[in-house]
Amino acid sequence: MSAPERAYVGLGSNLGEPAAQLASAVQALARLPRSTLVAVSPGYESLPWGDPHQANFLNAVAALDTALTPQQLLGELLRIEREHGRDRSSGRRNGPRMLDLDLLLHGSRVVDEAGLQLPHPRLGERAFVLLPLHDLAPGLAVPGIGALKSLLRPEFASLCWRADGADTPPR
């Protein structure tokens, strides 16, 4: 068995009861085999990405120490999504969803294969990923990209904000 690596998973929901969806997903992540849930960021509300004609999203990031391979972990994330009512068969991207789980990072791995890219290919563009990820790992270096802190932009504050109302802008 391989040594555990730190993986980061993005969570999002804008259908049903998003807070309950994320809480249930976090519980499912905590039960993953050969994995330990290390931390979960605060929740962030964000404007919808891509399709503005839908409700705002609730987002968070979870940190896991896992001995699962990236492919195994992705398979588990897709299973959790299905169990929460996610249907990917339409092929529609950026639409409303009960639960979205994205594998953002898995250790320092860089992967580019069908169905899996690490780091997540749009990680550096999305305030709803970068802000909660910064809460968990402000000193993180993103493989192939550089310091997480260098990806943060002032305009993120108008796209994504702490759901609990706390004003904690990255410095």
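Residues numbered from 1 in each chain as written. Predicted model: local features only at pLDDT ≥ 70, side-chain atom pairs only at ≥ 80, totals over all residues. Heavy atoms only, no water.

(A) Representation of the overall build of the chain within the structure. Assigned secondary structure in the chain consists of 3 helices and 10 strands. Taking 16 Å as the expected radius of gyration for a compact globule of 171 residues, we find that the chain reaches 15 Å, a close match to that expectation. By principal-axis analysis of the C-alpha atoms, the chain measures approximately 45 × 35 × 30 Å. Sorting the 171 residues of the chain into buried and exposed places 46% on the buried side. Of the contacts formed within the chain by residues at least 6 apart in sequence, a portion of 70% connects residues at least 24 apart. Across the chain, 17 positive and 18 negative side-chain charges occur, with their mean positions spaced 2 Å apart. (Helix = DSSP H or I, 4+ residues; strand = E, 2+ residues; numbered from the N terminus. Rg over C-alpha atoms; globule rule 2.2 N^0.38 Å. Buried < 20%, exposed > 50% of the residue type's maximum accessible area, 1.4 Å probe, protein only. Contact = heavy atoms within 4.5 Å. Lys, Arg positive; Asp, Glu negative; His and termini not counted. Charge placed at Lys NZ, Arg CZ, Asp CG, Glu CD.)

(B) Region of interest: the pattern of salt bridges. Under the counting rule described, the total for this entry stands at 7 salt bridges. Residue D65 is joined to R6 by a salt bridge in which the shortest nitrogen-to-oxygen separation is 2.5 Å. In this pair, D65 is assigned in strand 4 (residues 57-66) and R6 in strand 1 (residues 5-13), connecting sequence segments 59 residues apart. On the accessibility criterion, D65 (25% relative accessible area) is partly exposed. For the salt bridge of R162 with D164, the shortest nitrogen-to-oxygen distance reads 2.6 Å. Judged by relative accessible area, D164 falls into the exposed class, the value being 51%. Through salt bridges with shared partners, one network takes in E76, R79 and E83. (Salt bridge = Lys/Arg side-chain N within 4 Å of Asp/Glu carboxyl O.)

(C) Representation of helix 3 (residues 127-136) within the structure. Where burial is concerned, most of helix 3 is hidden: 8 out of the 10 residues are buried. Within helix 3 the residues assigned to the buried category are A127, F128, V129, L130, L131, P132, L133 and H134. For helix 3, the secondary structure elements touched by its buried residues are strand 1, strand 3 (44-46), strand 4, strand 5 (100-106) and strand 10 (160-162).

(D) Layout of the pairing of strand 5. Counting buried residues along strand 5, 7 of its 7 residues qualify, which places the element largely inside the surrounding structure. Pairing analysis gives 6 bridges linking strand 1 to strand 5, with the strands arranged antiparallel. Each bridged residue has a counterpart across the sheet, and for V9 the counterpart in strand 5 is L103. (Pairing = 2+ DSSP bridges.)

(E) Local environment of the confidence of the model for the chain. Of the residues in the chain, 92% reach a pLDDT of 70 or more, and the chain-wide mean stands at 90. Across the chain, the secondary-structure element scoring lowest on mean pLDDT is strand 10, at 92, and the one scoring highest is strand 2 (residues 35-40), at 98. (pLDDT = per-residue confidence, 0-100.)

(F) Structural detail: helix 1 (residues 18-30). In this model, helix 1 (13 residues) spans 18 Å end to end at C-alpha, consistent with the 18 Å of a helix rising 1.5 Å per residue. For helix 1, the set of buried residues is P18, Q21, L22, A25, V26, A28 and L29. Each buried residue of helix 1 lies within a common arc of 160° when the element is viewed along its axis, so the set occupies one face. Buried positions along helix 1 lie against strand 1, strand 2, strand 4, helix 2 (70-83) and strand 5. (Expected span 1.5 Å × (residues − 1). Arc of directions from axis to C-beta.)

(G) Structural view of the nonpolar core. Counting 24 residues, the largest nonpolar core has L11, L29, L73, L77, I80, L101 and L103 as its most contacted members. It is helix 1 that provides the largest number of residues to this core, a total of 5 residues. Sequence-distant contacts of L29, defined by excluding residues within four places in its chain, comprise L11, A62, L64, L77 and I80. (Core = buried A, V, L, I, M, F, W, Y, C linked by side-chain atoms within 4.5 Å.)

(H) A look at the side chain of H120. Tracing the backbone through its elements, the reader meets H120 in the loop between strand 7 (116-118) and helix 3. The residues contacting H120, other than those within four sequence positions of it, are D102, L103, L104 and R126.

(I) Layout of the environment of L64. Within the fold, L64 resides in strand 4. Separated by 57 residues in sequence, L64 and A7 have C-alpha atoms that sit 5.2 Å apart.

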